[in-house]
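A structural walkthrough
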Amino acid sequence: MVRASEQEQESYRSRLFNFKWRNNDNNSTTRHNKSLSVETGLDEAATGSHDAEPLTIIHPSQGPPLSRSAADEAVLAALAAAQAREKQLLADMEQMKERFSKLLLGEDNSGGGKGVSSALALSNAITNLAASVFGEQRRLEPMPAERRARWRKEIDWLLSVTEYVVEFAPSQQKNKDGTNMEIMTTRQRTDLHMNIPALKKLDAMLIDCLENFKDQSEFSYVSKDSPDSDGKRNDDKWWIPTVKVPPDGLSEASRRFLQYQKDCVNQVLKAAMAINAQVLFEMEIPESYIDSLPKNGRASLGDQMYKNITVDFFDPDQFLSSMDMSSEHKIVDLKNRIEASIIIWKRKMVYKDSKSSAPWASGVSLEKREVFEERAETILLILKQRYPGISQSALDISKIQFNKDVGQAVLESYSRILESLAYTVLSRIDDVLEADRAGNKRNTPMEAEDETRVGSMTLSDFMGWDFDQAGNADLESKKDLSDDPLVKEKLSVVTTKKTSYLETLGGVKSPTARH
């Protein structure tokens, strides 16, 4: 009996040791075996039975491979996509921090205080982004998806600054006791609230216009050195690929499609030019520009140009025909001289009440000076319409450089790059239409009319100025019948001054109309 008791104690010690070893081993691999009973664990360890297989813990390296269902694969794919998005978001945040830190430092990463103003830095950032994304836009083809996504992402970063350019506006607040109290709240500045959404719409219209050319197959592009090139391109855009059309020309459907796209882009160009002209007009003229002006309009224009503007009966067409505009440099120089004379005459009219002490005083009467200013503004407006892609004048560059208003800087730069892109797309469409007219052997009256309308841009054809011949004839008859020189002078100006396209856009007045 004593021997039996000793055997029972030995068996109990063996089982207890076996349980402790298995418990320690399971704790190193998993912690889900706390619900296992001592007897069950001892029985399974002793017998190796598989009856309680769901409760048995198998080490991953020793067990059979688990089979993944389709749901598991979908979950893993979703997790991988979420991790990729999170990684991309973190990368975008770092890039955005780098961009805005550069803007805050005024493009001076050294931190030495030699940077430009925040407004100019933001304007340069928008301009450089457009140059890197759009480039020359040599072909009528859709933008690559990567470039389009980059443009939309980074331009939204830069435009987000305008959400914090606010103004105070009165509002009503209802108290707990039911009474109303007038308070001042902040809202986005009115000019930004109106123009930023409009510019975004124009931006989307231009990109959609390029996207519409993805399925076209009637015309193609060949390089200048290609054997298929006819080698007849002799303009200053020699690096632009030559358009190749079928020998019989484009189909009628393609012509209508191109004309429709041209009209759409032309409307975008008009709207962008109107917004840009309005913003530039509202910018303050820097003192440095005013200090650089000569004392009078004659010194700014020159004797011959001043004589042509101050004649008794002024004709802007005749004036422009007498000017040498054979190069872009000469056109910009003419714009600079005319803008300087306009500023001088305006300042003299402002100081009309203190002629004796003002340095701008002269012997020209106020009425004549007003007529001269109106003539100069007419010439300047015609130049802007005839040459929409010309470089900016010295006054515009000075305004942009010394501007401190961040909102105006964003509006000016965004509208300017859209204006440039629209003009480039319009030029590429004209290249295709010109190639179609040159390659088409049939010379019908409709084509001749098309060529006059599209190919030969005269004084005011580009932006669609309308002429009322009957009204002009009536004014001419009144001018002949009148004996008053001042009436003749005013009627002469009215008959030659055209209606600006800026005044027909609705809601957006041109700088000339605001004087």
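Residues numbered from 1 in each chain as written. Predicted model: local features only at pLDDT ≥ 70, side-chain atom pairs only at ≥ 80, totals over all residues. Heavy atoms only, no water.

**A few points about the overall build of the protein chain**
- Across its full length, the protein chain carries 18 helices and 4 strands.
- Here the protein chain, with 515 residues, has 36% of them falling under the buried criterion.
- The long-range fraction of contacts in the protein chain, counting pairs at least 24 apart against all pairs at least 6 apart in sequence, stands at 73%. (Helix = DSSP H or I, 4+ residues; strand = E, 2+ residues; numbered from the N terminus. Buried < 20%, exposed > 50% of the residue type's maximum accessible area, 1.4 Å probe, protein only. Contact = heavy atoms within 4.5 Å.)

**Some thoughts on the nonpolar core**
- Counting residues in each nonpolar core, the largest one holds 54 residues, and the members touching the most others are Trp 151 and Phe 219.
- Going through the elements one at a time, α4 (118-134), α5 (145-159), α6 (190-211), α7 (252-282) and α15 (406-439) are the ones with two or more residues in this core.
- A per-element tally of this core places α15 first, with 13 residues. (Core = buried A, V, L, I, M, F, W, Y, C linked by side-chain atoms within 4.5 Å.)

**So, the pattern of salt bridges**
- One pass over the full model with this rule turns up 20 salt bridges.
- The closest approach of N and O atoms between Glu 252 and Arg 255, which form a salt bridge, is 3.3 Å. Note that Glu 252 and Arg 255 are positioned in helix α7 at a spacing of 3 residues, about one turn of the helix.
- When the shortest N-O distance is used, the salt bridge between Asp 324 and Lys 330 registers 2.5 Å.
- Of the residues examined, Lys 330 reaches a relative accessible area of 33% and is grouped as partly exposed. (Salt bridge = Lys/Arg side-chain N within 4 Å of Asp/Glu carboxyl O.)

**A word on the packing of aromatic side chains**
- With the rule as written, the count across this model stands at 6 aromatic pairs.
- Ring plane angle 80° and centroid distance 6.0 Å describe the contact between Phe 219 and Tyr 221, whose orientation is recorded as edge-to-face. Like Phe 219, the residue Tyr 221 is buried in the burial classification.
- Measuring from ring centre to ring centre gives 6.1 Å for Phe 314 and Phe 319, while their planes differ by 55°; the resulting arrangement is tilted. For the pair Phe 314 and Phe 319, one class covers both residues: buried. (Phe/Tyr/Trp six-rings, centres within 6.5 Å; stacked < 30°, edge-to-face > 60°.)

**Side note on the side chain of Asp 396**
- Inspection of the secondary structure assignment puts Asp 396 in helix α14 (residues 394-402).
- At 5.2 Å, Lys 335 is the nearest oppositely charged side chain to Asp 396, a buried residue that forms no salt bridge. (Lys, Arg positive; Asp, Glu negative; His and termini not counted.)

**Examining the pairing of strand β2 (residues 180-188)**
- Bridge analysis of strand β1 (residues 166-174) against β2 gives 9 bridges, and the strand direction is antiparallel. Looking at β2, one finds that Pro 170 is bridged to Met 184.
- Turn length for the β1-β2 hairpin, with the two strands adjacent in sequence and antiparallel, is 5 residues, and the turn residue Gly 178 shows positive phi of about 95°. (Pairing = 2+ DSSP bridges.)

**Quick word on a nonpolar patch on the surface**
- A cluster of nonpolar residues, Leu 89, Leu 90, Met 93 and Met 96, forms a patch on the protein surface that exposes about 350 Å² of accessible area.
- Relative to the elements of secondary structure, Leu 90 occurs in helix α3 (residues 70-104). (Patch = residues over 30% accessible without salt bridge, like charges linked within 9 Å, V, L, I, M, F, W, Y side chains within 5 Å. Areas by Shrake-Rupley, 256 points an atom, 1.4 Å probe, with all protein chains shown as cover.)

**What to know about α15**
- Under the 1.5 Å per step criterion, the end-to-end length of α15 is 50 Å for 34 residues, consistent within 8% with the ideal 50 Å.
- Of all 34 residues in α15, 27 are buried, a share of seventy percent or more.
- Its side-chain oxygen placed 2.9 Å from the backbone nitrogen of Gly 407, Asp 405 serves as the N-cap of α15. (Expected span 1.5 Å × (residues − 1). Polar contact = N/O pair within 3.5 Å; in protein donor to acceptor, adjacent residues only side chain to side chain.)

**So, the environment of Ser 220**
- Tracing the backbone through its elements, the reader meets Ser 220 in strand β3 (residues 220-222).
- In the structure, Ser 220 is positioned 23 residues away from Val 243 in sequence and 5.9 Å away in space, judged by C-alpha atoms.
- Those residues in contact with Ser 220 that sit more than four places away from it in its chain are Thr 242, Val 243 and Lys 244.

**Re the packing of α3 against α5**
- At a minimum axis distance of 11 Å, the contact between α3 and α5 shows a crossing angle of 45°. Looking at the two axes, α3 sits oblique to α5. Seen from above, α3 lies across α5 with right-handed handedness. In this structure, α3 contributes Gln 88, Asp 92, Gln 95, Met 96, Arg 99, Phe 100 and Leu 103 to the contact, and α5 contributes Lys 153, Glu 154, Trp 157 and Leu 158.
- In terms of residue class, the contact of α3 with α5 is made up of 5 nonpolar, 2 polar and 4 charged. (Axes fitted to C-alpha atoms, helices over the stretch in contact; angles between N-to-C directions. Parallel < 35°, antiparallel > 145°, perpendicular 65-115°, else oblique. Left-handed = near helix turned anticlockwise from the far one by under 90°. Nonpolar A, V, L, I, M, F, W, Y, C, P; charged D, E, K, R; others polar.)

**So, the confidence of the model for the protein chain**
- Predicted confidence across the protein chain gives a mean pLDDT of 75, with 67% of residues reaching 70 or more.
- Averaged over each element, pLDDT in the protein chain is lowest for helix α18 (residues 485-496) (41) and highest for α6 (95).
- A low-confidence stretch, residues 23-61 (pLDDT under 50), is modelled with 22 contacts involving residues beyond four sequence positions or located in other chains.
- Note that pLDDT drops below 50 for residues 353-361; the model gives that stretch 9 contacts with residues more than four away or on any other chain. (pLDDT = per-residue confidence, 0-100.)

**A word on the side chain of Ser 254**
- Locating Ser 254 in the fold gives a position in helix α7.
- Polar contacts involving the side chain of Ser 254 include one to the side chain of Ser 251, which spans 3.1 Å.

**Details of the environment of Arg 255**
- You can call Arg 255 buried: its relative accessible area is 16%.
- With 181 residues separating them along the chain, Arg 255 and Asp 436 place their C-alpha atoms 8.8 Å apart.
- In terms of polar contacts, Arg 255 uses its side chain to reach the side chain of Asp 436, at 2.8 Å.

**Some remarks on the environment of Ile 183**
- Note on placement: Ile 183 falls in strand β2.
- Along the chain, Ile 183 and Pro 170 lie 13 residues apart, while their C-alpha atoms are 5.8 Å from each other.
- Not counting residues up to four positions away in its chain, the partners in contact with Ile 183 are Ala 169, Pro 170, Ser 171 and Gln 173.

**As for the packing of α5 against α15**
- In the contact formed by α5 and α15, the axes pass within 11 Å of each other and the chain directions differ by 155°. Here α15 runs roughly antiparallel to α5, going by the angle between their axes. Of the residues in α15, those in contact with Trp 151, Ile 155 and Leu 159 of α5 are Val 410, Tyr 414 and Ile 417.
- Among the residues forming the contact of α5 with α15, the class breakdown is 6 nonpolar, no polar and no charged.

**A word on the state of the cysteines**
- Counting across every chain of the model gives 0 disulfides.
- The thiol sulfur of Cys 209 is not disulfide-bonded, and the nearest other cysteine sulfur, from Cys 264, lies at 6.9 Å. (Disulfide = S-S within 2.5 Å.)

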